[in-house]
Amino acid sequence: MNAALTRPEKAVALFQQGYNCAQAVFGAFADEIGISLDTAARMASALGGGLCRMRETCGAVSGGMLALGSLEGYSVPGNDEIKMALYARGQRVMKAFQDIYGTLCCRELLGLLENAPLSPIPTPRTPEFYQQRPCARFIYEMARLVEEELNRRQ
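Here is what the cut-offs are and how they apply
- Residues numbered from 1 in each chain as written.
- Predicted model: local features only at pLDDT ≥ 70, side-chain atom pairs only at ≥ 80, totals over all residues.
- Heavy atoms only, no water.
- Helix = DSSP H or I, 4+ residues; strand = E, 2+ residues; numbered from the N terminus.
- Patch = residues over 30% accessible without salt bridge, like charges linked within 9 Å, V, L, I, M, F, W, Y side chains within 5 Å.
- Areas by Shrake-Rupley, 256 points an atom, 1.4 Å probe, with all protein chains shown as cover.
- Salt bridge = Lys/Arg side-chain N within 4 Å of Asp/Glu carboxyl O.
- Disulfide = S-S within 2.5 Å.

A. Structural view of unusual backbone geometry. Residue C52 is not a glycine yet carries a positive backbone phi of 55 degrees. Here C52 lies in the loop between α4 (37-44) and α5 (59-72). Positive phi is not limited to glycine here, since R53 has a value of about 65 degrees. Within the secondary structure, R53 is located in the loop between α4 and α5.

B. The arrangement of a nonpolar patch on the surface in detail. A surface patch of nonpolar side chains, amounting to about 250 Å² of accessible area, comprises L51, M54 and L118. Secondary-structure assignment places L118 in the loop between α7 (106-109) and α8 (127-132).

C. Here's a closer look at the state of the cysteines. Applying the stated criterion across every chain, the model contains 0 disulfides. C106 takes part in no disulfide bond, and the closest cysteine sulfur to it belongs to C58, at a distance of 6.2 Å.

This is how it looks when you write it as C-alpha cells:
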C-alpha cells in the first residue's frame, strides 16, 4: 500500500480492497500499533457489519475504538486514571462521529429497518456495492477522528 496515504485514505483503500469496515479502520493503524495487517484484520474481523452483521454498533466505530485502545489503553486493572482518560478520549471521538452522522448504529447509518432480516452472508463487493454503500465515508471519518485524537497526546 502507498505509504504516502493518510490514515483515513489508507482505511478507505483497505475497505475498497474488500476488508470490512472495522478491519479497514483498525488496519490503517496496524503499523503504529506494531502489528501486521493480517493480525489487525483477524482481530477486527468479527466487528464488521455492526458486530458480525448484526447491524448494531458501526464497525468503523468499533475498529476505531480498537485502535484507540491498542495505542492508548490500559492493561493493569484498577488504574482508574488511565481508564478514565481512555474513556474520555473514546467518548470524544464517538460523540464527534455521532454529531456528524446522528448515530453510531450500523442499521441506522445504512437506513435499514429495525426489523430487517439478519443474515451472515456478506454482500458481494461489486463496483455497485462501493458506489451505493456509504461506509467509505464513515470509515474515513472515524480514522480521521481517531488520528486527530491520537495527535492530541503530543
